[in-house]
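Each chain, written out:
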Amino acid sequence: MRRRRRWRLGRSESGPEEFSSTSIFITPMLDMSFQILAFFVFTFQPTPPEGEIPIGLTSGAAAGEQAAQDPKQTAAPGLPRLRPYVSLRADGAPGGALGRMEILFQGQRILVADSDGPAGAGPKAIPNLRTALLGLRRQIRLDPADPRSLSLSVQFHPEMRWGDVVRLLDACRRMTDEQGQAITLFPQLELEPFK
Amino acid sequence: MAAAATSDNLEINLTPLLDLVLQLIMFFMACVNFVSEQYSRNVWLPVAESAQEILPDLADERIVINVELAWTPIRDDRGEVVLDPVRKQPARQLLQPRTYRIIVLGENMIQFTDREQRVGLFQAQRKLRDLAGDLRLLLKDRPYRGQKLVLAPGAPIPVPVVFRVDEEVPGGLVLELMAQCRAEGFGDVRIDGLMPEGGR
């Protein structure tokens, strides 16, 4: 019966005709690998990724800046920023919920439909807000040279829940049309103290 | 005789198994979330569909301000923690009276209740002022993002400030903190939110 030769490291004592061993003992390595694997499996917590929304603070009481003297003045470095063309004012409702919403544009107040119910804004208020902002976006073309066309000034009631504030800001930045295409409404948002 | 001859050679080839295990380890290592100390896990962030991905090179160069509420997990009759069906994390019960915590840079926790909101805000504003002063001194001598800055008194500080705010916190509190940031010279203010599944 032919016996299998064990491979060993180093020279054999029985002479140079013996093979030198190249066997690697992988069992401890496998044990350790399983331990590491078990550690990662048990500590794995898939959490949703975080993203960020850039926010501006308008000139005014909150920022401690002066308003522009000349309303036609364009924004320039070192000068106070001018108010955006469109403003949104969101009132609160009982429990810190989102309430009545008004869009201010060219001296007009546009009430957002379904937002002034007794218990606050209804389920259609946010889609209606998006539709109204889309209508304004078609009137005011995005012009990178004119910061006022890119921004939307937002006022919200101080008691409003932060979750509703973010929902509101979300609705002002972007929307998706029927074909699933993303439409940018107002890429820059500026927060303003509630008046 | 032939069977006996081959019986000695019965060995399991562990190499493919080892390959697979090492691949799994690499997968888990790549997926593991290295959460910075600045990020509090107690904050229930609101979902923000329009949130943009945080650039990896910026992730560590942000001043994070956590605004959270003190809470305890809800337990069932057997004493086990109940999971929130939407968030897939322990359901919570807010402490009464409502207790807020503002944590700047992962330390310096300021805790206050609803009634003590003015005092808490004052402490947080003072903290932000100290932080702005320290940063101005620090950036005066060191290059920031590869360039040396000239920070004149009152010039904006280029380090982004990120607010991670619990969805139940009143927005007015956050706005006052943001206004203080702006007053101290932090020109780049951002808010964090959870990106929806398959986020951009």
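Treat the numbers as computed from the prediction; the structure is a model and nothing was measured. (Residues numbered from 1 in each chain as written. Chains lettered and ligands numbered in written order. Predicted model: local features only at pLDDT ≥ 70, side-chain atom pairs only at ≥ 80, totals over all residues. Heavy atoms only, no water.)

K.L.:
So what about the overall build of chain B? Which residues, and what values?
P.N.:
From N to C terminus, chain B includes five helices and eight strands. Along chain B, from the amino end to the carboxyl end, the secondary structure elements read α-α-β-α-β-β-β-β-β-α-β-α-β. Counting over 200 residues, chain B shows a buried share of 43%. Summing over all exposed atoms, chain B offers an accessible surface of approximately 11,700 Å²; the carbon and sulfur share of this is 56%. (Helix = DSSP H or I, 4+ residues; strand = E, 2+ residues; numbered from the N terminus. Buried < 20%, exposed > 50% of the residue type's maximum accessible area, 1.4 Å probe, protein only. Areas by Shrake-Rupley, 256 points an atom, 1.4 Å probe, with all protein chains shown as cover.)

K.L.:
Which residues make up the interface of chain A and chain B, and what values do they have?
P.N.:
Across the contact, 46 residues belong to chain A and 51 residues belong to chain B. A buried area of about 4,500 Å², summed over both sides, lies between chain A and chain B, and 61% of it is on carbon and sulfur atoms. It is E50, E52 and W162 of chain A that lose the most area in chain A upon contact with chain B, and together they represent 19% of the buried surface on that side. Summed over the shared surface of chain A and chain B, the number is four salt bridges. Here E52 of chain A and R190 of chain B are joined by a salt bridge, their closest N and O atoms 2.7 Å apart. Where chain A meets chain B, there are 16 residue pairs in polar contact (both at pLDDT 80 or more). Every element with two or more residues in the side of chain A that touches chain B is listed here: α1 (27–43), β1 (50–57), α4 (162–173) and β8 (188–192) of chain A. For the side of chain A that touches chain B, the leading source of residues is α1 of chain A, giving eight residues. Taken together, the residues of the side of chain A that touches chain B sort by class into 27 nonpolar, six polar and 13 charged. (Contact = heavy atoms within 4.5 Å. Buried area = accessible area lost by both parts, 1.4 Å probe. Salt bridge = Lys/Arg side-chain N within 4 Å of Asp/Glu carboxyl O. Polar contact = N/O pair within 3.5 Å; in protein donor to acceptor, adjacent residues only side chain to side chain. Nonpolar A, V, L, I, M, F, W, Y, C, P; charged D, E, K, R; others polar.)

K.L.:
Account for the packing of helix α2 (residues 125–139) of chain A against α4 of chain A, naming residues and giving values.
P.N.:
Residue and element names in this part refer to chain A. At a minimum axis distance of 9 Å, the contact between α2 and α4 shows a crossing angle of 35°. Note on packing geometry: the crossing formed by α2 with α4 is right-handed. The residues of α4 that touch α2, namely those facing I126, L129, R130 and L133, are R167, L168, D170, A171 and C172. For the contact of α2 with α4, the residue count by class is six nonpolar, no polar and three charged. (Axes fitted to C-alpha atoms, helices over the stretch in contact; angles between N-to-C directions. Left-handed = near helix turned anticlockwise from the far one by under 90°.)

K.L.:
Talk me through unusual backbone geometry; I want residue IDs and the actual numbers.
P.N.:
Negative phi characterises most residues that are not glycine, and trans characterises most peptide bonds. Looking along the chain, the bond that leaves Q96 of chain B and enters P97 of chain B is cis, with omega of -5°. Topologically, P97 of chain B is positioned in the loop between β4 (92–94) and β5 (99–104). Positive phi, normally seen in glycine, also occurs at D114 of chain A, with a value near 70°.

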